[in-house]
Amino acid sequence: MLVYSIGSVWESITSLAHIQGSVLFHSRTFPQAIVGAIIAIIATPQHEYLRKHVIREIGTYFSALFTVLGFLLVFRVSLAYLRFWEARNYLMDLCSTLDDLTLHTINFIRVGDDMERNIEKFIWKCHMGDLLVAFIAFVIVELRQEDMRKDFDELVEQYGLSFTPMEKDTLRFTYPRIFKLEVMIQNMWVRASTSGLLAVAPPIQSRTIFVVSEASDACMGALKIQTTPFPFPLMQVQAMMLHVFLLSGPVVFAAALGNIYLAPMVVFFSILCAFSLTRLCEELEDPFGTDPNDLPLTHYLDNFKSSVKTLLYFKLYNHTKWKPVWEAMTKSPEALQAIKAKFPEADIDRLVNAEQWKPSKVNKLLSRNGEIYQAD
């Protein structure tokens, strides 16, 4: 999504020449304005004849055409921006609920006296962090419809996701994957509750399942916007009125103004504005793509990854209570092999690699909106 500033007069002027993300120089707006200006140039020399024999009531034309066209444009622009803003709210709600689940993962499981049990908790926390990142990643995949163009392994590599072999086999042939991931997350919390890993009372644990449902609701809201287009009949009527304006507007402006220089200029900017607003609506109505004006989905994913790295992984590998657990996992090759045998589905080699969670490296990753969030 483009970030811009028009704080000064000069910035306002230079922004007009900005091509990336602009609808003014689009192939569906600028050529139409050129065509309208050419028609105006051809019709202007005949402005007296047009006023006497063709267009006697110019005001009636403007009232009839611009009342309908103006209403359609205002209605569609308002609806398009509401869709865009609603989509942004759904994404923020999704990130907020997943952040809440990350905090649950941190606080609901505590270090105990049994080191073998602590190792199980350590692996469970890391696995939950991987699933939460995967959930928001596959929400983005679903919104962009990338699963239609790329296979599962390519998506996993693209977004830097981590799954157990069994999870990969399950997700590879499951559609849509976000619902399966939701089931996996809920099952992990249920198993943690029944096996005694959680350090909080059952009434508090139920809040976690509710938060998972909230994340699913936000996801479904975003999918609702992605799968519901602007109504075709309204789009058809607006397209018809735009082309009526494109073909008749230049002639009426030429008859009304009668100036070979002024008429084409007014026609050019009028048609450019009308078609640009339509093109703008088309972009706002589908805010989940990769165009410059679409919502920055990858930015949301990177921010959530930063939160998980700061709140969960960094604490596991550096906190005074959890660091001994990691040290116990890696104290000897025999201990590591025993852990791999007990947890064959977990990627133990990746979990014991604490090099990536050193404070100096983590702090470089935690950039959000231009600020650095230090991990403590």
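Refer to the preceding data block for the structure.
Thresholds applied
- Residues numbered from 1 in each chain as written.
- Predicted model: local features only at pLDDT ≥ 70, side-chain atom pairs only at ≥ 80, totals over all residues.
- Heavy atoms only, no water.
- Helix = DSSP H or I, 4+ residues; strand = E, 2+ residues; numbered from the N terminus.
- Polar contact = N/O pair within 3.5 Å; in protein donor to acceptor, adjacent residues only side chain to side chain.
- Contact = heavy atoms within 4.5 Å.
- Salt bridge = Lys/Arg side-chain N within 4 Å of Asp/Glu carboxyl O.
- Buried < 20%, exposed > 50% of the residue type's maximum accessible area, 1.4 Å probe, protein only.
- Phe/Tyr/Trp six-rings, centres within 6.5 Å; stacked < 30°, edge-to-face > 60°.
- Axes fitted to C-alpha atoms, helices over the stretch in contact; angles between N-to-C directions.
- Parallel < 35°, antiparallel > 145°, perpendicular 65-115°, else oblique.
- Nonpolar A, V, L, I, M, F, W, Y, C, P; charged D, E, K, R; others polar.
- Patch = residues over 30% accessible without salt bridge, like charges linked within 9 Å, V, L, I, M, F, W, Y side chains within 5 Å.
- Areas by Shrake-Rupley, 256 points an atom, 1.4 Å probe, with all protein chains shown as cover.

Turning next to the side chain of Gln205. Here Gln205 lies in helix α9 (residues 202-227). At 2.4 Å, the side chain of Gln205 and the side chain of Ser193 are in polar contact. With sequence-adjacent residues up to four places away left out, Gln205 is seen in contact with Ser193, Leu198 and Val200.

Quick look at the pattern of salt bridges now. Applying the stated criterion to the full structure yields 11 salt bridges. Its salt-bridge partner being Glu146, residue Lys150 comes within 3.8 Å of it at the nearest N-O pair. Residue Lys150 is classed as partly exposed on the basis of its relative accessible area of 23%. Each member of the salt-bridge network shares a partner with another, and the members are Arg28, Arg279, Glu282 and Glu283.

Before going further, it helps to spend a moment on the packing of aromatic side chains. Taken as a whole and assessed by the stated rule, the structure comprises 15 aromatic pairs. Ring geometry for Phe138 against Phe152: centres 6.0 Å apart, planes inclined by 10 degrees, an arrangement best described as stacked. Taken together, the residues span a long stretch of sequence, with Phe138 in helix α5 (residues 115-144) and Phe152 in helix α6 (residues 152-159) at a distance of 14 residues. Taken individually, Phe138 and Phe152 each receive the classification buried, so the pair is uniform in this respect. Plain terms: the ring middles of Phe152 and Phe163 are 5.9 Å apart, the flat faces sit at 35 degrees to each other, and that makes the pair tilted. Of this pair, Phe152 sits in helix α6 while Phe163 sits in the loop between α6 and α7 (165-172), and the two are 11 residues apart along the sequence.

Once that is clear, we can look at the packing of helix α4 (residues 58-107) against α5. Two elements in contact, α4 and α5, have axes separated by 10 Å at closest approach and are oriented at 170 degrees. Classified by the angle between their axes, α4 and α5 sit roughly antiparallel to one another. Along the contact surface, α4 presents Leu91, Leu94, Cys95, Leu98, Leu101, Thr102, Thr105 and Ile106, while α5 presents Trp124, Lys125, Met128, Leu132, Phe135, Ile136, Val139 and Leu143. In terms of residue class, the contact of α4 with α5 is made up of 13 nonpolar, 2 polar and 1 charged.

Let us now look at a nonpolar patch on the surface. A grouping of Ile19, Phe25, Phe30, Ile34, Ile38 and Ile42 is seen on the molecular surface, where their side chains present a nonpolar patch of about 570 Å² in accessible area. Overall, the relative accessible area of 61% leaves Ile19 in the exposed class.

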